[in-house]
Amino acid sequence: MRFVPPSTIAIDGPAGSGKTVIGLWLAAHLGYAFLDTGVLYRAVALDALEANLDVHDGELLAARARAIPLRISPPDEADRPRGYSAYLGDHRITDSLFEPRVNSVVSIVAAHRSVREALLPLQRGLGERGRVVMVGRDVTTTVLPHADLKLYLDASIERRARRRWDQERAHGSTRDVNSIAADLADRDQRDSGRDASPLRVATDAIRIQTDDLDLEEEKRLIVELLESRR
Ligand code: C5P
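**Focus: unusual backbone geometry**
Backbone geometry places N52, a non-glycine residue, at a positive phi of 60°. Locating N52 in the fold gives a position in the loop between α2 (38-50) and α3 (58-67).

Rendered as structure tokens:
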């Protein structure tokens, strides 16, 4: 019998839980499309900062979000480690999306229901085409509630901060691990505490605690999981 993997795969989890690394790998492994939905919220936040807009003005940000000239493509040479390139109009913004100034406002921007609604059709549209891995905070609960496979990746704040620290150092950052942990804790609280589509473990999601797993073990576990669903 031929193995037919799940067509829509949704992965959620808190900041730094490794969703993007795993999602990118899984999409490449299966030959599927990949969308890191955090990029959409980060792009709206970056656009607001660049245009000097009030990040508390949900209606204004939603109008910008509906018209945002965001393009996500396979990675340019410089973006190869990230796995994709993002453009706003003609400007490559892949690195800018992860600047501390964006980190500090993105969860404020993402808490506006109007902004979330503005970004939903794009995410659902991609989901409907199938053969996709999508990662974020509410993909398993709101964006693709009928996904064929739902995963929730989790890890302690210490482990997640340490992983981000390693990643940031590889990109030349000198930020210390405590300030990264504080930033993650802050975003966790905002992302789980908001009214609109908060971060939750979907009742039908498979929760994977990754503290004691290295990347290869995590991948092996997921492959076993896929195969057990034949
Ligand atoms: O995943 P990442 O850390 O890049 O996401 C950045 C922010 O975007 C999150 O902290 C969250 O506020 C928001 N986000 C969201 N819903 C998603 C994906 C990201 O609210 N599906």
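Moving on from the model shown.
**Describing the packing of helix α1 (residues 19-30) against helix α9 (residues 215-228)**
Between α1 and α9, whose axes approach to 11 Å, the crossing angle comes to 50°. Considering the angle they form, α1 stands oblique to α9. Here the hand of the crossing between α1 and α9 comes out right-handed. Note on element contacts: α9 touches α1 through L215, E218, K219, I222, V223 and L226, opposite V21, I22, W25, L26, H29 and L30. Within the contact of α1 with α9, the residues separate by chemical class into nine nonpolar, one polar and two charged.

**Some details on the sheet that holds strand β5 (residues 91-92)**
Pairing is antiparallel in the open sheet, where three strands are placed in the order β3-β4-β5. The open sheet has two edge strands, β3 (70-73) and β5, and neither has a second partner. In this structure, strand β4 (residues 85-88) lies alongside β5, joined through two bridges in antiparallel fashion. The residue bridging Y87 from the neighbouring strand is R92, located in β5. Here α2 sits on the sheet and contacts β3 and β4; the angle it forms with β3, its principal contact strand, is near 140°.

**Observations concerning the packing of aromatic side chains**
In the structure shown here, the tally under the stated rule is zero aromatic pairs. The ring of Y87 carries the charged tip of R71 above its face, separated from the ring centre by 4.4 Å. One cation-aromatic arrangement involves R169 over W165; the distance from NZ or CZ to the ring centre is 4.0 Å.

**Here we look at the pattern of salt bridges**
Should their charged atoms come close, side chains of opposite charge can pair. Enumeration over the complete set of coordinates arrives at 16 salt bridges. Across the pair D186 and R190 runs a salt bridge, and its minimum N-O distance is 3.4 Å. Here D186 pairs with R190, and both are found in helix α8 (residues 177-193), just four residues apart, close to one helical turn. According to the relative accessible area criterion, D186 is partly exposed, its value standing at 36%. By relative accessible area, which is 29% here, R190 ends up partly exposed. Each member of the salt-bridge network shares a partner with another, and the members are E50, E99 and R101.

Rules used throughout
- Residues numbered from 1 in each chain as written.
- Predicted model: local features only at pLDDT ≥ 70, side-chain atom pairs only at ≥ 80, totals over all residues.
- Heavy atoms only, no water.
- Helix = DSSP H or I, 4+ residues; strand = E, 2+ residues; numbered from the N terminus.
- Axes fitted to C-alpha atoms, helices over the stretch in contact; angles between N-to-C directions.
- Parallel < 35°, antiparallel > 145°, perpendicular 65-115°, else oblique.
- Left-handed = near helix turned anticlockwise from the far one by under 90°.
- Contact = heavy atoms within 4.5 Å.
- Nonpolar A, V, L, I, M, F, W, Y, C, P; charged D, E, K, R; others polar.
- Pairing = 2+ DSSP bridges.
- Phe/Tyr/Trp six-rings, centres within 6.5 Å; stacked < 30°, edge-to-face > 60°.
- Lys NZ or Arg CZ within 6 Å of the ring centre and 35° of its normal.
- Salt bridge = Lys/Arg side-chain N within 4 Å of Asp/Glu carboxyl O.
- Buried < 20%, exposed > 50% of the residue type's maximum accessible area, 1.4 Å probe, protein only.

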